[in-house]
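Read off the chains here:
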Amino acid sequence: MRSIYSLLIIFFFTQTLVSAQNTKAEIKGTDKALSVTFHPLFLLNNAIKVDAELQGKKSLAFIAGLELYNGKISDLYRQTNNFEEPIDDQIFGLGINLAVKYKIDQSEDVNSFYFSPGLTFRRLDIKVNGPAYYAYLQDGIEYYTYGDVKQSHKVNPLLIYGNFGRYYEFNSVVADIYFGVGYKVLSQNKELLNTRKYHKAMFGYNYEGPTFQLGIKLGWQITK
């Protein structure tokens with residue numbers, strides 16, 4: 001994963017230096033350039049993320065996107081609890097992404113460097129399936145015990161971010177490389193915090209705090 005991120009950073013800054021040495025081409029874009037892009041790195045977190053972008057000659061563009069989470073939690077997380085016992089947790093839910101884009105040094109139709117502030121709201125359902133501590137009531141008294149459980153934990157994180165990036169279009173094929181920072185806020189589910197550690201990593205489903213953004217979007221320029 002680190003090697004992928006390093007290559008993306010090197011590629012982005014290499015293209016920045018090349019662009020700075022070239023003469024700006026005449027802008028030929030329309031006021032209704034539409035593209036659809038896909039985030040392949042989100043597959044590692046059991047998610048499909050797609051963005052639609054509307055841009056034109058002016059420096060402002062608009063982005064709306066959708067995320068779908070569905071499947072076994074496995075790729076980025078250890079599938080054992082703190083006692084190295086196997087678990088079989090699942091993730092379900094969706095997210096909505098809204099952003100604006102301020103294009104910088106736009107040239108060659110829709111190609112440009114840009115800054116993009118935005119936010120992503122997610123409604124996630126984490127299905128805990130396996131050994132864990134859990135509470136139960138008996139005769140009005142709350143007890144804690146340990147054993148196999150099947151629980152559903154709802155989390156609704158909100159990510160606020162700002163990305164810098166480079167948008168490429170070549171023969172209607174789009175590659176959008178970006179990096180940035182953000183902050184994720186949510187009302188934590190205390191029972192989930194005591195049961196699993198999905199809040200520890202920056203990419204965690206119920207992580208809260210500052211985040212680093214880095215990725216690539218691939219897709220199709222429908223109109224330009």
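Along every chain, residues carry numbers that run from 1 in the direction the sequence is written. In keeping with the model being predicted, local features are shown solely for residues with a pLDDT of at least 70 and side-chain atom pairs are shown and tallied solely at 80 or more, while totals for entire chains, interfaces and linings include all residues. Hydrogens and water molecules were not included; the side-chain quantities draw on all heavy atoms of the structure.

Draft legend 1. Representation of the overall build of the protein chain. Secondary structure follows DSSP: runs of H or I at least 4 residues long count as helices, runs of E at least 2 residues long count as strands, and numbering of each begins at the N terminus. Within the protein chain, the secondary structure is distributed over 2 helices and 9 strands. Scanning the protein chain from its N terminus toward the C terminus, one meets helices and strands in the order α-β-β-β-β-β-β-β-β-α-β. Per-residue burial over the protein chain gives 42% buried out of 224 residues. In this analysis, two residues are considered to be in contact whenever any of their non-hydrogen atoms come within 4.5 Å of each other. Considering only contacts in the protein chain between residues 6 or more positions apart, those separated by 24 or more positions represent 66%. Residue exposure (1.4 Å probe, protein chains only): buried if accessible area is under 20% of the type maximum, exposed if over 50%, otherwise partly exposed.

Draft legend 2. Representation of the packing of aromatic side chains in the model. Each Phe, Tyr or Trp ring (for Trp, its six-membered ring) is paired with any other whose centre lies within 6.5 Å, and the angle between the two planes then decides the class: stacked below 30 degrees, edge-to-face above 60, tilted in between. With the rule as written, the count across this model stands at 7 aromatic pairs. Centre to centre, the rings of Y198 and Y205 are 6.2 Å apart; their planes meet at 75°, and the pair counts as edge-to-face. For Y198, a relative accessible area of 4% corresponds to the buried category. Note on geometry: a ring has a charge over it if NZ (lysine) or CZ (arginine) is within 6 Å of the ring centre and within 35 degrees of the ring normal. Against the face of Y114 rests K101, its NZ or CZ located 4.7 Å from the ring centre. Across from the ring centre of Y168, 4.6 Å away, lies the NZ or CZ of R166, which sits over that ring.

Draft legend 3. Main features of the nonpolar core. Only buried Ala, Val, Leu, Ile, Met, Phe, Trp, Tyr and Cys residues count toward a nonpolar core, and they belong to the same one when joined by side-chain atoms within 4.5 Å. Formed by 16 residues in total, the largest nonpolar core has its most connected members in I73, I91, I126 and Y205. Mapped onto this core, the elements with two or more residues apiece are β5 (112-138) and β6 (141-155). Among the elements that make up this core, the one with the highest residue count is β5 (4 residues). If near-sequence neighbours (up to four positions away) are discounted, I126 is found in contact with I73, Q90, I91, Q151, S152, H153, V155, L192, Y198 and Y205. Counting 6 residues, the second-largest nonpolar core is a separate cluster that includes A33, V110, Y114 and Y167.

Purely geometric stuff here, so don't read any function into it on its own.
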